[in-house]
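Below are the chains, spelled out letter by letter.
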Amino acid sequence: MKDIQAIDKYLQEAQDWVVSFGGKLLGALVILLIGFWIVNRFVKLLNRIMVRRDVDESLRPFLCSVVSIVLKVVIFIPVIQLLGIATTSFLAILGSAGLAVGLALQGSLANFAGGVILLILRPFKKGHYIKTVSEAGTVHHIGIFNTILKTPDNQTVFIPNGILAGGTIINYSDEPTRRLVLDVSIGYEDDIPKAREIIKASLSDDRRVLHDPPWQIVVTQLADSAVIISTRIWVKNDDYWDVNFDLREKIKLAFDTRGITFPFPQATIHFAEGSKDLLLNRSR
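So, here's what we can say about the structure. In this text, all values refer to a predicted model and were calculated from it rather than measured experimentally.

Another aspect to go through is the pattern of salt bridges. Applying the stated rule across the entire model yields 4 salt bridges. Here Lys 252 ties to Asp 256 by a salt bridge, and the two come within 2.5 Å at their closest N and O atoms. Residue Lys 252 and its partner Asp 256 are both found in helix H7 (residues 240–258); the two are separated by 4 residues, about one turn of the helix. For Lys 252, a relative accessible area of 35% puts it in the partly exposed group. Where salt bridges share partners, they join Asp 206, Arg 208, Asp 246 and Lys 250 into one cluster.

Turning to unusual backbone geometry, a few remarks are in order. Pro 213 follows Asp 212 through a cis peptide bond whose omega is 5 degrees. Along the chain, the position of Pro 213 falls in the loop between strand E7 (209–210) and strand E8 (216–222). With a phi angle near 55 degrees, Arg 122 is a residue other than glycine that sits in the positive phi range. On the secondary structure map, Arg 122 appears in the loop between helix H4 (106–121) and strand E1 (129–131). One non-glycine residue with positive phi stands out, namely Asn 154, at about 65 degrees.

The next subject is a positive patch on the surface. A contiguous patch of positive charge on the surface is contributed by Arg 41, Lys 44, Arg 48, Arg 52 and Arg 53. Considering the arrangement of structural elements, one finds Arg 53 in the loop between helix H1 (2–52) and helix H2 (59–82). For Arg 53, a relative accessible area of 66% corresponds to the exposed category.

Reading the values: the criteria
- Residues numbered from 1 in each chain as written.
- Predicted model: local features only at pLDDT ≥ 70, side-chain atom pairs only at ≥ 80, totals over all residues.
- Heavy atoms only, no water.
- Salt bridge = Lys/Arg side-chain N within 4 Å of Asp/Glu carboxyl O.
- Helix = DSSP H or I, 4+ residues; strand = E, 2+ residues; numbered from the N terminus.
- Buried < 20%, exposed > 50% of the residue type's maximum accessible area, 1.4 Å probe, protein only.
- Patch = residues over 30% accessible without salt bridge, like charges linked within 9 Å, V, L, I, M, F, W, Y side chains within 5 Å.
- Areas by Shrake-Rupley, 256 points an atom, 1.4 Å probe, with all protein chains shown as cover.
- Lys, Arg positive; Asp, Glu negative; His and termini not counted.
- Charge placed at Lys NZ, Arg CZ, Asp CG, Glu CD.

Shown next, in the form of structure tokens:
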């Protein structure tokens, strides 16, 4: 009889616990499902907003994933508390694990942070030609951990984003136009105004050379063996290298036709009085 009463007591306690915990469990599941559904809807809305704002295609999935994880963690913690599970120890263990992983992946996390900075600030885009401290090339892909460049000779260069985010970047494609500087040397005996007119004629014949801002054709240096004339013009980015190569050839051919020389490096030697006779005597 006592055994039956004890069993009935245990069954009643189990039933009460199931009813109590079952209600909490059901409520937790409802909150979890509704919360996750709201988060997913919000993330989809965020993605559509970023598409309309023309946010970089590499950045959109990353931001959506981060927002989704953070919001789901925010929902998950109250659900655990609702079930009666202490969250203090859970958060402490999670923090310790995060610290250990952070120390082990310190370099990767620096590249990860650099990738986030590059994708948010966008100092360059895919297709831009950039120059870093050690490399130069066209941006092929911007990833979370590294950026891929294609060099002019079709080599693939992988640069860690941590180095890019903390270093100097020269973006040659950010503006639609670019200044081209052509330095040519003429002899000291040549006519500078004549050389300037020849250069102007070569520029006028090329429609790719922009007239605004105006051209500059100036003497920049009186070198040891030549007078340096610098031509400063503006061209479209896409025309830069073609104009650079074509104009150098045109100016050289025009100078040859009009009698303007390109002097070779040379030095004038002056002999002191009597030194010439001394050298001749030694040579005999």
